[in-house]
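Listed here are the chains, written in short residue letters.
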Amino acid sequence: MAVDAVPSGKATGHTMPPGFIRNLGSLLNRNVNSIFSKETLYSRLPITRWLPKYNLESLEGDVMAGFTVGLTVIPQGIAYAEVAKLPANYGLYSAFMGCFVYMIFGSSKDITIGPTAIMAIMTQEYSGHGGPDYAVLLCFLSGLIILTSGICNLGFLITFISKPVICGFTSAAAITIASSQLKGLFGLSFSSEGVVETWTKLFENIAYTKWQDVTLGFSCIICLLLMRKIKDLKCTKVELSDRLNTRIWKKIVFLTSVGRNAIIVIVAGVIAFALDSNQPFTLTGFVKPGLPAFKPPPFSTVINGTDCSFSCIMSDVGSGVAVIPIISILESIAIASAFSGGKTIDATQEMIALGLCNIFGSFVQSMPVTGSFSRTAVNSTSGVKTPAGGSITGFLVVLALAFLTPYFKYIPKATLSAVIICAVIFMVEYEMVAPIWKTRPLDQLPLWGSFLTCLFWKLEFGILVGVGINVAMLLYGVARPKVNVNTIMKQDGEEPYYVLVEPRSGLFFPSVDHIRAEVSKAAQVMAQENMMVVVDCSHFTGVDYTASKGIKGLCNDFEKRHQVLVFSNVTAGVKRGLTALNENINIASTPEQLQSLLKCSEVPAANGKADHSNGLPYIIASGSETHMDGVVRQYDDGCSHPQS
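Just so you know, these numbers come straight off a predicted model, no measurement behind them.

1. With respect to the overall build of the protein chain
Within the protein chain one finds 27 helices and ten strands. Burial analysis of the protein chain (644 residues in total) assigns 48% to the buried set. Taking the contacts inside the protein chain whose residues are at least 6 apart along the sequence as the reference set, 81% of them involve residues at least 24 apart. Surface summary for the protein chain: the accessible area is close to 32000 Å², and the carbon and sulfur share equals 62%.

Written out as structure tokens, the structure reads:
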């Protein structure tokens, strides 16, 4: 290798070659140009892409969609705070900052960021005993982890959580959340953890049910479900041929349907307010009025008069610091994919945007947030044009905090329970069981493992169990690949020609013992120790040291039996790995050489074994055109042997 000359008399110990310096400078120049390019600006600040093109048509669609989503998120925010065991105002604190931040950094026009049912139940799981300070700090730390993961391009790790695991987790979480709202629906007051304990205590206290709350709650559920269906009726779809009056009427019906949560909460609140002198319902109670103070998240707090430091909080929160960011990313990426319209989503940018939403949200006392599927669906069907629709939603929540909080105390708890139950029951993905069974019955294991563990143990353990089952299934497939063994007959179809062994997976250390055992079995049973064995390596992508050592032992076994072993369809990388510890291996690089070897292997030796006086007990046959398809080609050439 040529080396740049060094002038005499000068020290060479610390001198870098000019070529290296030029290459380093070129690399740095390319990276700097890439970082500060217009394309990078558009991808990392998506608002710069759509804002210059903003027009009145976009404004009309965004205002309508933002207003509609705002009517949905206000009652949901109050309800999800109840799920998280936080004061109602914290649900609203979580509902506006993400809207403003995502407008700047978000890449999807449809996604709305805010409190969700799953985030609420996870927050309750990890911060319920620590109060709002724990939830706010969790929000900040989750945002920090999500942002760092996005910057480091670690989104690929989420792909190890399969769809069956996600299905099992969301379904179990939905049932857990719905079960937790039964006490509010029946007007009962008790504390419980988990589905089993909740249902047990419900039946134990059923005699204390308030019939007024039950009547109101189930009436709200019926109305919510009916109003949900209205927008799906054909007569409510706006047609191009509709007159103006008809369009206005259909728009009103549509808004009534998508804003059903707000309408039900307002109607129930008015009824409770009118009956305040002799209040029959269990009410939400006092909601702290006004906007939250903009301040850093608390890194220490006081619980029951005892100072709790940051390390104490982290000890209490435990695995929640890792679990909540994972669930948040999962929800947001899944929603972005569902509403991408077939376009490729920028997962890195979505993670960066979500991380910033949580970080900035923690400065206004938000609990952990992520994308909401139900509100994103409302946003999309309402005709949103750009992420600016979120700013309208956020502004509506700010107005509600500033002026309406004194009236929130009249909202019946049974109504909020009805809102939550109607939101989560459609998250139970029972319809996925049949398609998963048809596609691959074995995928039922992570599905039901995740579902049952989440339902009867803890949500975060359910994810770990599901992922563990998936990883075990993957590793088993790697360690015990399927191996097809066939006897290839001669052209006349009367006598066997050779035995073909075809491993269906790669050759790496977990699988080498299994493949070696299968090849040896084929050689001794089917080939009867006197017929050539051909190993088709077309599925091998590489060979590691352990595998190469195992193959060397296999070749030695064949040599002791004076039996020919041939490796076919060997790529350059596989050949390099196989020959690293087997220097005496000869390589046949063409199909003709392989067929010549097959022909010569028929020559019997004096002891009844194949003649291997040529010193070639095992051969590697490489070349992409070698196909072990059972068709034996005849050649007139002699028994020449391949050269290495």
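2. Some words on the environment of Phe294
With respect to the helices and strands, the residue Phe294 is situated in the loop between α14 (260–274) and β2 (301–303). For Phe294, a relative accessible area of 56% gives the class exposed. C-alpha of Phe294 to C-alpha of Val364: the two residues are 70 residues apart in sequence and 5.1 Å apart in space. Those residues in contact with Phe294 that sit more than four places away from it in its chain are Met97, Phe363 and Val364.

3. Topic: the packing of helix α12 (residues 211–230) against α14
At their nearest, the axes of α12 and α14 sit 10 Å apart, and the two run at 150 degrees to each other. Overall, the two elements α12 and α14 adopt an arrangement that is roughly antiparallel. Both α12 and α14 take part in a crossing whose hand is right-handed. Contact residues: α12 offers Cys220, Cys223, Leu224, Met227 and Arg228, while α14 offers Arg260, Asn261, Ile263 and Ile264. Looking at the contact of α12 with α14 residue by residue, the classes come out as six nonpolar, one polar and two charged.

4. Details of the side chain of Thr72
Looking at where Thr72 falls in the secondary structure, it is placed in helix α4 (residues 56–83). Here the side chain of Thr72 touches Thr68 through a polar contact of 3.2 Å, landing on its backbone oxygen. The contacts of Thr72, once residues within four sequence positions are left out, are Val258, Asn261, Arg375 and Val378.

5. Comments concerning the pattern of salt bridges
Evaluation of the coordinates by the stated rule reveals eight salt bridges. The partner of Lys201 in a salt bridge is Glu197, with the nearest N and O atoms 3.5 Å apart. Of the two residues, Lys201 and Glu197 are both situated in helix α11 (residues 195–204); the distance of four residues between them amounts to about one turn of the helix. Owing to a relative accessible area of 32%, Glu197 belongs among the partly exposed residues under this scheme.

6. Some details on unusual backbone geometry
Phi at Lys85 is positive, roughly 60 degrees, even though this residue is not glycine. Tracing the chain through its elements places Lys85 in the loop between α4 and α5 (88–93). What makes Lys85 partly exposed here is its relative accessible area of 45%. One non-glycine residue with positive phi stands out, namely Gln365, at about 60 degrees. Mapped onto the secondary structure, Gln365 falls in the loop between α17 (347–362) and β4 (370–371).

7. What about the packing of α4 against helix α20 (residues 413–424)?
The description of two helices packed together rests on the angle between their axes and the distance between the axes. The contact between α4 and α20 brings their axes to 9 Å, and the two run at 95 degrees. Considering their axes alone, α4 and α20 lie roughly perpendicular with respect to each other. Touching Pro75, Gln76, Ile78, Ala79, Tyr80, Glu82 and Val83 of α4 are Lys413, Leu416, Val419, Ile420 and Ala423, all from α20. Taken together, the residues of the contact of α4 with α20 break down into nine nonpolar, one polar and two charged.

8. Section: the environment of Ser219
Relative to the assigned elements, Ser219 resides in helix α12. Separated by 199 residues in the primary sequence, Ser219 and Ala418 place their C-alpha atoms 8.8 Å from one another.

9. Quick word on the packing of aromatic side chains
One pass over the structure, following the stated rule, counts eleven aromatic pairs. Measuring from ring centre to ring centre gives 5.0 Å for Phe273 and Tyr410, while their planes differ by 90 degrees; the resulting arrangement is edge-to-face. Placement of the pair is Phe273 in helix α14 and Tyr410 in the loop between α19 (389–403) and α20, with a sequence separation of 137 residues. Summarising the aromatic geometry, the rings of Phe294 and Phe363 are spaced 5.5 Å apart at their centres and angled 25 degrees between planes, so their arrangement reads as stacked. Placement of the pair is Phe294 in the loop between α14 and β2 and Phe363 in the loop between α17 and β4, with a sequence separation of 69 residues. You can call Phe363 partly exposed: its relative accessible area is 22%.

10. Some thoughts on helix α24 (residues 512–526)
Relative to the 21 Å expected for 15 residues at 1.5 Å per residue, α24 spans 20 Å between its end C-alpha atoms, a close match to the ideal helical length. Of the positions making up α24, those classed as buried are Val512, His514, Ile515, Val519, Ser520, Ala522 and Ala523. Residues of α24 that are buried in the fold lie against α23 (459–479), β5 (483–489), β6 (496–503), β7 (533–536), α25 (545–560) and β8 (565–570). Trailing α24 by a residue or two, Gln528 shows a phi angle of about 55 degrees, which is positive.

11. Digging into the nonpolar core
Ranked by size, the top nonpolar core spans 103 residues in total, and within it Met122, Phe169, Ile327, Val397 and Phe408 carry the most contacts. Val499, Ala523, Leu554 and Val570 belong to the second largest nonpolar core, which has 26 residues in total.

12. A closer look at the pairing of β8
Counting buried positions along β8 yields six of six residues, so the element is predominantly enclosed. Handedness of the β7-α25-β8 crossover: right-handed.

13. Regarding helix α6 (residues 97–105)
Since one α-helical turn is 3.6 residues long, residues separated by three or four positions face the same way. By the burial criterion, the buried members of α6 are Met97, Gly98, Cys99, Val101, Tyr102 and Met103. Looking at the buried residues of α6, the elements they touch are α3 (47–50), β1 (113–114), α17 and α19.

Cut-offs applied
Residues numbered from 1 in each chain as written. Predicted model: local features only at pLDDT ≥ 70, side-chain atom pairs only at ≥ 80, totals over all residues. Heavy atoms only, no water. Helix = DSSP H or I, 4+ residues; strand = E, 2+ residues; numbered from the N terminus. Buried < 20%, exposed > 50% of the residue type's maximum accessible area, 1.4 Å probe, protein only. Contact = heavy atoms within 4.5 Å. Areas by Shrake-Rupley, 256 points an atom, 1.4 Å probe, with all protein chains shown as cover. Axes fitted to C-alpha atoms, helices over the stretch in contact; angles between N-to-C directions. Parallel < 35°, antiparallel > 145°, perpendicular 65-115°, else oblique. Left-handed = near helix turned anticlockwise from the far one by under 90°. Nonpolar A, V, L, I, M, F, W, Y, C, P; charged D, E, K, R; others polar. Polar contact = N/O pair within 3.5 Å; in protein donor to acceptor, adjacent residues only side chain to side chain. Salt bridge = Lys/Arg side-chain N within 4 Å of Asp/Glu carboxyl O. Phe/Tyr/Trp six-rings, centres within 6.5 Å; stacked < 30°, edge-to-face > 60°. Expected span 1.5 Å × (residues − 1). Core = buried A, V, L, I, M, F, W, Y, C linked by side-chain atoms within 4.5 Å. Right-handed = clockwise from strand over helix to strand, strands pointing away.

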